[in-house]
Every structure is written in structure tokens, then in C-alpha cells.
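# Residue-level structural notes
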Amino acid sequence: MARIRSVTGRRITALTEGWNLTLLPPGGAGEAGESGEGVLAPVPGTAAQALQAAGRWSLDDPLPLHDKDVVYRTRLTGHGPRSLRFHGLATIAEVWLDGERILTSDSMFLAHEVPVTLNGEAELSIRFHALHPVLESLAAAKKGRARWRPKLAEPAALRFVRTTLLGHMPGWCPPVHAVGPYRPVELVEETGPIRLLGADLRSGYDGGDGRLSLRLTVDGAQQADGAGMTGTVEVAGQVAPLRFDGIDAFHADMTLPGVEPWWPHTHGEPVLHRVVARIGTPGGVVEVDLGRVGFRSLAVDRGADGNGFALLVNGERVFCRGGCWVPVDPVGLSAERAVYEPELRRMRDAGANMVRVGGTMLYEGDAFFELCDELGILVWQDAMFANFDYPNDPAFLESVRAEIAQLLDRTQASPSLAVLCGGSEMEQQAAMLGLPRASWTQGALAAAITEEATARRPDLIQIANSPSGGPLPFVANAGVTHYYGVGAYMRPLEDARRADVRFASECLAFANLAEDDLLGVPALHHPRWKERVPRDPGASWDFEDVREHYLEALYGVDPRRLRYEEPDRYRRLSRAVTGEVMQAVFDEWRRGGSGCAGGLVWQWRDPWPGAGWGVVAADGTPKPAWHALKRAFRPLRVILTDEGVNGLAVHLVNDTARPVEALLRLTAWRDGTVPVLKAERPVTLPARAAVTLPAAGMTDRFFDTTYTYRFGPIPHDVVSAQLLPAEREAEPIDESHYFPKGRSLPRADLGLTAVVERQGDDWALRLATRRLACSVHVEDGRFRAEDAWFHLSPGVERVVRLQPRTGAGGGVPDGEVHALNALAPVRYRGDA
């Protein structure tokens, strides 16, 4: 059933105030009397969040909570029948009202609604039983032997309980235990002439017209002479009658000719249309707000060989790019719009058009999907299963069915939800541990998920597991893969093409450095630093080792020696290198002729401060890698690739809905300053397409751009390609660089200049250089640069806006501009 925003006569009171939390020894029964010292507790929220606010818990040294019972209490007032709604209880919970147990729950992922009768004031209490003793009991009972035991999460008995793996994955995330009413608790009163039980809202799009089907199920329709009641539904400026079926429901089917469709923001506008139903009753008009719906179609293009995975939205192929989501608030697990919005807008600002919520996380709240709808970000949603061999007993599978049903019901109207996947790395885990092929899949679990999805959201693209689809679940050239060839497996950059990746639902994990040393310790082998560097359990290496491999490969330095002889240089190169690798891989995947249809970076944001996988730091500050992805993700993109004896290829990508007339300029530079080749030509970029041009076709003489033929010394050290608007004086639409001798250019006096400008109430820097400046970035105690870690070509002025740092206290810009190949930074200061 679709989410109902509001309905006439229904009053919902969020129970957010007056909660008290108490920690108790495990194993108690009932609602438990007062014991121990209580603390005020926010609801929705977690025990860790409440204890942190009280100074009794810290992310730097998290207190274990799964060895304790946690009791929440508050008081209610009211008279007459009500309903209590619990949208998420983590995890083994009992709910008591005035000493009577009204609910037991053993799944963090299920919502519950309980009818109650109030007679004035009442005490509501929720006891969350210690999880670890429950898991020990389940393990001792040997409830079915697992066919394998993964190293990812501990303890192994987690497979029996429907709870998040967050807090249980050493080397991946902080050990924050999720305990408490982390989703809203509400008191509902019905006073309307009819009681709305549910809404089934479905939409479709055929390339020209939209379709909408609505069914409203009501209680008391016959008693209120339902056959005589009338109703309407309004959407996109059109109104259709609601017809009563004579039993308990009103329904309507609409066709909306020429309705504006919903698109991912890279390919069009994410247009949404409000849906409102009205039912006339003897007691007055009942208005039902069903929120907003988008009209779009989804399909998958498997390619000529049947092994591809290209998402088609409204019939158009979409290259999906983005990242794997990590909860913004790993302590409180907040689902508030104000918490989601900055990060999702940061994704959109980077050009991302897809986010994956992986099976090791948790289902996000309604506001997450609403924002993705508004911002035009596609959602790949895993069911919350990962790596384990799960039970297949009827009770477990029934809980799974309810979990999937509730997820799909509350997101039924969401056009951003595009992919439903059965979980993460379960097939891969079984295959990599050497189990026979017949053991890789979990048939009963997969069937439960598939059946619920087909019944409730037949429009979604369904995937059995991530990765899956090839002769081995994790091969790159069939289905969807978790691609770490470039990355953890330390393959050369060329492997991004050689592996023939079709769709990477995870990829490119590195220990990405932030622009600041957030831990207050140097980016060296300090124990506090290293404990925050991600690693796979049982591995003899970590993801800092992976980063250093590419630091050596791309810049020709010895990372270990550089780290202790020139720590500042080490940090700057380390900040640059992961972004350079990511940009190179995505350029390879987006080029004309590529068989790849998407890549999602693992992960988008760090769960705590440090050199984590995230391209955004835990405080929300973009890392250097984020800036590189922002360039790689642009809807209008120029890409250079080395095609060996075929020379340099120029790829022009246009994801937008309109063709673009532009000027393509190709320049080869000697010593980064002398143009030894310069060619221009007007180009037309067709809408939602990519074209490839040979660089050799842009000049009437031979020039060895890739230095493949090697007739004498190489005459240049960099080739730049600029895509310019028709008015040539404007900044380039996009720019790419190719380094035939590698990225390790000698440091020199670049003639780099920085001028502070006032632009209304904002500040900006106008940058220019006489010689190619590599990985240009700004250091300023009060401001951050909106764009950074880019290469700046001679003859191009770049205006970079400066954004005030949070808590910096205002002032004027005062800092330095750095480039990796500069002898020294350039100072700047604004006028007050």
C-alpha cells in the first residue's frame, strides 16, 4: 500500500518528547521497574545517541550496548481508541502499556501498528533485550547449520536476526551498536466519517502518455452507505472519478496524454505530480494526500551477447554513476530530511545520478526517497542481506516477506526507486569459498523477495544478488560486478577496459584522504590513523597500501620513503592520486564504444573521521576524490584515451536532452607552456549520445600524440582537449588532459596567479597560469574552494567560488593556491 501523507479526520501525534532511557543487566523479563540512572532520550533515536548527549558514550571509544537491556519510557494522555505506530525498533523488543505487553518484535526492519484504548494518562515502555545473549542462545540451539561462515561480520549468529550489520564489521565501520526506537513512534486518532485502510497507487509511462491506477480501501464504507458516495482523483491537472466497488474500495484508472515524464537529472527534468483523492461522504469531504508521483518506464538492455546490464529510462540508455550510501548519522541513524538533504544534494552537485543502499546497511526513511525523487537520483536498493547463508524456515521467510512488502508499499509512488536487489555478496561468498555451484544461491529467500516485488512493484528492475550474472558471480564481463581490478587487486589502469566491465555496482575503493588532517595526527603510520584505515577482515594489507600502489604507479615515487622524508608532499600526492585513478576509470567506461553502463563508488561518505573509503568526509566536506568524480560525472564530457598505434581518441559525451553546438580545441604542450600542436574544429554533440573522433583527423600533419611510434625524442608532455561554448571567450564546458610521459611532471615556476574578487556577497578566486598547473587546490583557514584538484591549462582563466567554512567566523579570504608541479604556493588575500 502506498504511503498516505494525510487524510481528513486522522490526527497523528509524533511521540518525540518525555522519553527516558535506562540501562539494565541482560535477561530481565517484563517492562522492568526503575533501575540505574536514566537519561533523557530522543525519539526517534538510539541509545548510543542518548548516552552520547549525556556524556556517557563516545564515537572514539564506543561503549558496547548489545550486552545490556535498554528500556525507554514515556507517558501518554488521551481518551478512547487510538493506534500506536512503531516504524522501527532495533532489534529484540517488547512494548508495554500500563503493565500490559502489547507487542513483541524481533526485526529491526518491520513497522508495527497496535490498536489501544486510552483512559487518561498511561505509561508506555519499550524494552530492548541485549542482542548478544540472544545470538548466543540461537547459536547454541544450532538452528540449522550454515553452509559457510563469512569473515565480514561478527558474530556468525547474526544471520538468524533481522538487524543491520553496521557496528558488526571490523575494519569497515565503527562498532556502534544500533539499539532503540530509531524510527518514529506515533499515536494515531481517527475522527473522520470513514477510516482509510490503505492506498494502492501505481503509475506507468509508454513514451508519450502516463498511466495511473488508484485503489483506496476503506473501513465503514458500507455502513456509511458507500454505494452512494462519490469521489475524484486529481493528478497533473486532470481529474477522474473514483468508483466504489460496492464492498470496501474506491478505484480509478487514468490515462494522461503527453504528461511530462520523470528523468534522472543528468538526462532531463525529474518532474513530479501531486496526487490528491477526495471522497464525498454524509459527514463531509474526506481528502487524501498521496504525495507526488513521477511517470517513467524502466527496462534493461542486455546487449547483443546477452551479458550486458544497461538501464533504460523512458527508452533511453542511462550511464549510471554515483556511490554506495552510508548512513549520514551512524550514531542516531536519523531519517530526517534535514539530515539527508545536504548529502543527497552533494551527490547531485557531483553529477551522480544513482545511489545504492547496500545490504550491509539499513533501509533509509521516507525522506530519503522523497529527496531522490525531487533531485533526480535513481535508487538501487538492496534487501538487507549480505554474505551470510540465511535460514529458510517458514517464520524467517514470512518476516522477510513482510519486510520487503513494507519497503515497497511505502515507496510505491517513488519514481527514483529503480532496482531491487536480493542482497550483497551472498553468491560471491559461496563461490569464493569453493562451494559447488548449486550452493551459491538461496532459493527460498530469493523467491520470497521476488514474489513480493513482482506483486507490489512490477515496474522495478530485479536482480538476484550483487554481484551476479556470469559464470562466476563476480566476473566483470557479465551481469553486475563488484569491480576492484583497479583498486584492491592493484591491476593497471588498462584493466578497466580489459575486464570488459558491464556494470559495477561497487568499485574503486581506496583509503581516500580528506583535505584536512581530521584526526589531529599526521597521515602516517600513527596507530590512531591506521585504526581508521579500512581493511578486509583477515587481509594482510589495508586500503592505504592500495592507494600507495597507485601513488607509485602514477607519480613514480617511493611512497614509503616519501612518507618519512617529505610528509607534506606525500599527503598532497596521496590526496590527488585516488581521484586521478577514479577519473581515469570512469572516463574509460563512459567513452564512445564502451560496453560499460554504470559504476557506483564504494563508498560515498565516511562513517567516522579518517582516511576511509568515502569520497566525502564524515563531517560532510568533499574530499579531493569527490572533485575528480564531479569532473568525470559531468553530463557534457570530453575524454581522451590512448588507442595505441591508432593514436589519441577524443570522445564527446552528451547526456542532456538537447544537442550541443561547441568548439573542440586540441593542444599539445611542451614543458607545459609551448603549444607544439594546436587544432580546432566545430562539433555537434547529439542529445543523449557519445561520439568518437580521432585526434589525427583534426590536423593535416602527422603528430605522435601518444608517443607510440617514437621517432626521436618526445616533443610534448601533455595534451589538453577543451570543449568550448560557441562564444569562445567563456570558460571551457569541459577539459581533459593526457600525459604521454606520466603524471610526474617536474616542479617549476608556473607563473600561477590568484586574484581575489568580490561577487555580490560571495568571494571568488580568478586563477591563471603561464605553464600547465597540475592538481590545483586552495588552502584557506576560513574558506573552501567550490572546485579543486583540477589541472589548469595556459591561457585559460578559471574563476573558483569560495565557500565559508562552518564555524570559521567570517572574514576575508586569506590563503594559498598550490599545484603539485609548482615550486611554491601562491599567496592571496582579499580586501576587507
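Note: the structure precedes this text.
Just so it is clear, the structure is predicted and the values come from calculations on it, not from any experiment.

### With respect to the sheet that holds strand S30 (residues 660–670)
The strand order across the open sheet built from 4 strands is S31-S30-S33-S34, with neighbouring strands paired in antiparallel fashion. Edge positions in the sheet fall to strand S31 (674–685) and strand S34 (734–738), since each has one partner strand and no second. Strand-to-strand, the axes of this sheet are offset by a mean angle of 15°, without reference to chain direction. Alignment of S30 against strand S33 (residues 718–724), held across 7 bridges, turns out to be antiparallel. Bridging across to S33, Leu664 finds its partner in Leu723.

### With respect to the sheet that holds strand S11 (residues 209–219)
What holds strands together in a sheet is hydrogen bonding between their backbones, with the strands either parallel or antiparallel. Across the sheet, which stays open at both edges, the 8 strands sit in the order S1-S16-S15-S12-S13-S14-S11-S10 with antiparallel pairing between neighbours. If you trace the sheet from one side to the other, it starts and ends with strand S1 (6–7) and strand S10 (195–205), each paired once. Where strand S13 (residues 238–244) meets strand S14 (residues 249–257), 2 bridges bridge the pair, whose relative direction is antiparallel. Bridge pairing in S14 links Arg243 to His251.

### Let's talk about a nonpolar patch on the surface
Taken together, the side chains of Val645, Phe702, Tyr709 and Phe711 make up a nonpolar region of the molecular surface, amounting to roughly 480 Å² of accessible area. Looking at where Phe702 falls in the secondary structure, it is placed in the loop between strand S32 (689–694) and S33. Using a relative accessible area of 53% as the deciding quantity, one classes Phe702 as exposed.

### Things to note about the nonpolar core
Membership of the largest hydrophobic core comes to 135 residues, with the highest contact counts inside it found for Leu344, Phe368, Tyr483, Phe586 and Trp589. Here this core gets 9 residues from one element, more than from any other, and that element is helix H12 (residues 567–590). Filtering out sequence-adjacent residues up to four positions away, Tyr483 remains in contact with Ala476, Asp495, Ala496, Ala499, Val501, Ala504, Glu506, Cys507, Leu508 and Trp589. Core analysis: the second largest hydrophobic core is formed by 37 residues, Leu59, Tyr72, Val114 and Phe128 among them.

### A few points about the pattern of salt bridges
Tallied over the entire structure, the rule returns 77 salt bridges. The partner of Glu113 in a salt bridge is Arg85, and the shortest N-O contact between them spans 3.4 Å. Note that Glu113 is positioned in strand S8 (residues 112–128) and Arg85 in strand S5 (residues 69–86), a separation of 28 residues in sequence. Since its relative accessible area comes to 17%, Arg85 is described here as buried. Between Arg202 and Asp200 there is a salt bridge whose closest N-O contact spans 3.1 Å. Taking relative accessible area as the criterion, Arg202 reaches 30% and is therefore assigned partly exposed. Taken together, the shared-partner salt bridges in this structure form one network comprising Arg3, Arg5, Asp366, Glu370 and Arg410.

### Considerations on the layout of surface pockets
Volume-wise, the largest pocket comes out at about 1,500 Å³. Considering the residues around the largest pocket, the lining is formed by 49 residues, among which Arg3, Arg85, His87, Asp366 and Arg410 are closest to the centre. Among the secondary structure elements, those contributing two or more residues to the lining of the largest pocket are strand S2 (10–14), S5, S8, strand S9 (185–190), S10, helix H4 (366–375) and helix H5 (394–410). If you tally residues by element for the lining of the largest pocket, the top one is H5, at 7 residues. Ala584, Asp587, Leu640, His737 and Arg743 are the residues nearest the centre of the second largest pocket, which is lined by 49 residues in total.

Definitions and limits used
- Residues numbered from 1 in each chain as written.
- Predicted model: local features only at pLDDT ≥ 70, side-chain atom pairs only at ≥ 80, totals over all residues.
- Heavy atoms only, no water.
- Pairing = 2+ DSSP bridges.
- Helix = DSSP H or I, 4+ residues; strand = E, 2+ residues; numbered from the N terminus.
- Axes fitted to C-alpha atoms, helices over the stretch in contact; angles between N-to-C directions.
- Patch = residues over 30% accessible without salt bridge, like charges linked within 9 Å, V, L, I, M, F, W, Y side chains within 5 Å.
- Areas by Shrake-Rupley, 256 points an atom, 1.4 Å probe, with all protein chains shown as cover.
- Salt bridge = Lys/Arg side-chain N within 4 Å of Asp/Glu carboxyl O.
- Buried < 20%, exposed > 50% of the residue type's maximum accessible area, 1.4 Å probe, protein only.
- Core = buried A, V, L, I, M, F, W, Y, C linked by side-chain atoms within 4.5 Å.
- Contact = heavy atoms within 4.5 Å.
- 1 Å grid on protein atoms, 1.4 Å probe; cavity = no way out; pocket = protein on both sides within 12 Å on 5 of 7 lines; lining within 4 Å.
- Points joined across faces, edges and corners; volume = space filled by probe spheres on them.

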